[in-house]
Amino acid sequence: MYQHIVVLTGAGISAESGLRTFRDQNGLWEDHRIEDVATPEGYARNPALVENFYNERWQQLKNPAVTPNAAHEALAQLEQAFTGKLLLVTQNVDNLHERAGSKKLLHMHGELNKGRCPRSGQTFSLHEPFGPDNGCTCCIPAQRLRPHIVWFGEIPIGMDRIHDALEECDLFIAIGTSGTVYPAAGFVDIANHHGAMTIEVNLAEADEHSMFKAHYQGSASVTLPALVQ
Ligand SMILES: CC(C)NC(=O)[C@H](Cc1c[nH]c2ccccc12)NC(=O)[C@H](CCCC/N=C(/NCCC(=O)O)S[C@H]1O[C@H](COP(=O)(O)OP(=O)(O)OC[C@H]2O[C@@H](n3cnc4c(N)ncnc43)[C@H](O)[C@@H]2O)[C@@H](O)[C@H]1O)NC(=O)OCc1ccccc1
């Protein structure tokens, strides 16, 4: 059977845990302009606006009602049970995968509960909201921590490791992602190009131009446990 699996997840896998997606109805981009809150230029223009955007999402993630769902758990169980190579690449900045027990995990777009020193690049766990008084401990004077998030126009994290895995994998599964943002949206092409089986799991029906060899329509928390058991 399969020897090397790469899984890619998007906001859809966390929707049933109560976290908003970006582009669905009532998505984050409905009441926030990408240019203002998810670009380095927007941050330079108005850091407080961007900090509010991430502080709100950080507070929501700390809400005890927000917990990993059956889809997160199914991936953690797959990692435990699978004897081959596996890499879980997430575009999500929430920590629901690691809270479900996933370890072979790469946050290609950063993490909500981390801040980064704009001068040294060092990251710090977030213990208080972003703001003018929340500075690094690696510089004198302390630098205002910026969200450890990959914004539009910035290079995603771990691209070499991801490319190596995509070129070797024999199974690529994409879960709860709209496939609208690159380079993540191009991973299926790389996997196909190397002869891998490519599967999409999404609430929406398959797009007619889909590059995936198989499509499972349904909610991640129902479809994924059935698929990976
Ligand atoms: C808009 C788009 C066209 N623009 C880009 O792609 C840009 C520019 C670009 C680069 N290459 C290109 C090529 C062509 C055109 C444009 C470009 N890309 C970049 O700027 C990237 C950086 C992009 C990262 C931006 N940051 C994010 N997130 C962090 C922020 C934050 O979280 O605040 S992107 C953000 O949107 C992306 C898409 O979101 P999804 O997760 O897919 O969520 P969405 O709401 O869209 O969809 C939800 C899906 O789930 C489904 N669903 C819902 N509920 C469920 C459910 N219950 N069960 C199952 N499925 C469900 C829905 O049906 C839907 O399909 C994700 O990546 C997400 O992280 N950087 C870069 O390219 O650097 C250079 C480079 C690259 C490689 C190597 C060297 C240099």
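All values derive from a computational prediction rather than experimental measurement.

(A) The layout of surface pockets, seen in detail. What the second largest pocket holds in volume is close to 190 Å³. Contributing to the lining of the second largest pocket are Met1, Tyr2, Ile5, Leu78, Phe82, Leu171, Ile173, Ile199, Leu227 and Val228. If you list the elements that add at least two residues to the lining of the second largest pocket, you get β7 (171-175) and α9 (220-228). Looking at the lining of the second largest pocket residue by residue, the class counts come to 10 nonpolar, no polar and no charged.

(B) Summary view of the packing of aromatic side chains. Tallied over the full model, the rule gives six aromatic pairs. Here the aromatic rings of Trp29 and Phe53 are separated by 6.0 Å at their centres, their planes lie at 25°, and the arrangement is stacked. On the criterion of sequence distance, the pair formed by Trp29 in the loop between α1 (12-15) and α2 (34-37) and Phe53 in helix α4 (residues 47-61) is long-range, its members being 24 residues apart. The exposure class assigned to Trp29 is buried, which follows from its relative accessible area of 17%. With a centroid separation of 5.2 Å and 40° between ring planes, the pair formed by Tyr43 and Trp151 is classed as tilted. A residue pair is termed long-range when its members are at least 10 positions apart, and Tyr43 in helix α3 (residues 40-45) and Trp151 in the loop between β6 (146-149) and α7 (159-168) qualify at 108 residues. The exposure classification of Tyr43 matches that of Trp151, with both residues buried. Taken together, the ring pairs in this structure connect Phe22, Trp29, Tyr43, Phe53, Tyr54 and Trp151 into an aromatic cluster. Lying over the aromatic face of Trp58, Lys62 brings its terminal NZ or CZ to 4.0 Å of the ring centre. Over the face of the ring belonging to Trp151 we find Arg146, whose NZ or CZ atom lies 3.9 Å from the ring centre.

(C) Fine view of the nonpolar core. Counting 24 residues, the largest nonpolar core has Tyr54, Leu112 and Trp151 as the members making the most contacts within it. It is α4 that provides the largest number of residues to this core, a total of five residues. Excluding its chain neighbours within four sequence positions, the residues that come into contact with Tyr54 are Val37, Ala38, Leu112, Phe130, Pro147, Ile149 and Trp151. Counting residues in each nonpolar core, the second largest holds 20 residues, with Leu8, Leu87, Met159 and Phe172 among its members.

(D) Up close: the side chain of Thr90. By the secondary structure assignment, Thr90 is in strand β2 (residues 85-90). With relative accessibility at 0%, the residue Thr90 sits in the buried group. Apart from the residues within four sequence positions on either side, Thr90 is in contact with Thr9, His97, Leu105, Leu106, His107, Met108 and His109.

(E) Structural detail: the UniProt feature "binding site: substrate" (unreviewed entry) in the protein chain. In the numbering used here, UniProt assigns the feature "binding site: substrate" (unreviewed entry) to Tyr54 and Arg57. Tracing the chain through its elements places Tyr54 in helix α4. Excluding residues that lie within four positions of it along the chain, Arg57 makes contacts with Phe22, Leu28, Val93 and Leu112.

(F) View of the pairing of strand β8 (residues 197-202). β8 sits mainly inside the fold: five of its six residues count as buried. Note on the crossover from β7 through helix α8 (residues 187-193) to β8: the handedness is right-handed.

Basis of the calculations
- Residues numbered from 1 in each chain as written.
- Predicted model: local features only at pLDDT ≥ 70, side-chain atom pairs only at ≥ 80, totals over all residues.
- Heavy atoms only, no water.
- 1 Å grid on protein atoms, 1.4 Å probe; cavity = no way out; pocket = protein on both sides within 12 Å on 5 of 7 lines; lining within 4 Å.
- Points joined across faces, edges and corners; volume = space filled by probe spheres on them.
- Helix = DSSP H or I, 4+ residues; strand = E, 2+ residues; numbered from the N terminus.
- Nonpolar A, V, L, I, M, F, W, Y, C, P; charged D, E, K, R; others polar.
- Phe/Tyr/Trp six-rings, centres within 6.5 Å; stacked < 30°, edge-to-face > 60°.
- Buried < 20%, exposed > 50% of the residue type's maximum accessible area, 1.4 Å probe, protein only.
- Lys NZ or Arg CZ within 6 Å of the ring centre and 35° of its normal.
- Core = buried A, V, L, I, M, F, W, Y, C linked by side-chain atoms within 4.5 Å.
- Contact = heavy atoms within 4.5 Å.
- UniProt positions renumbered as here; feature names shortened; annotations may be inferred.
- Right-handed = clockwise from strand over helix to strand, strands pointing away.

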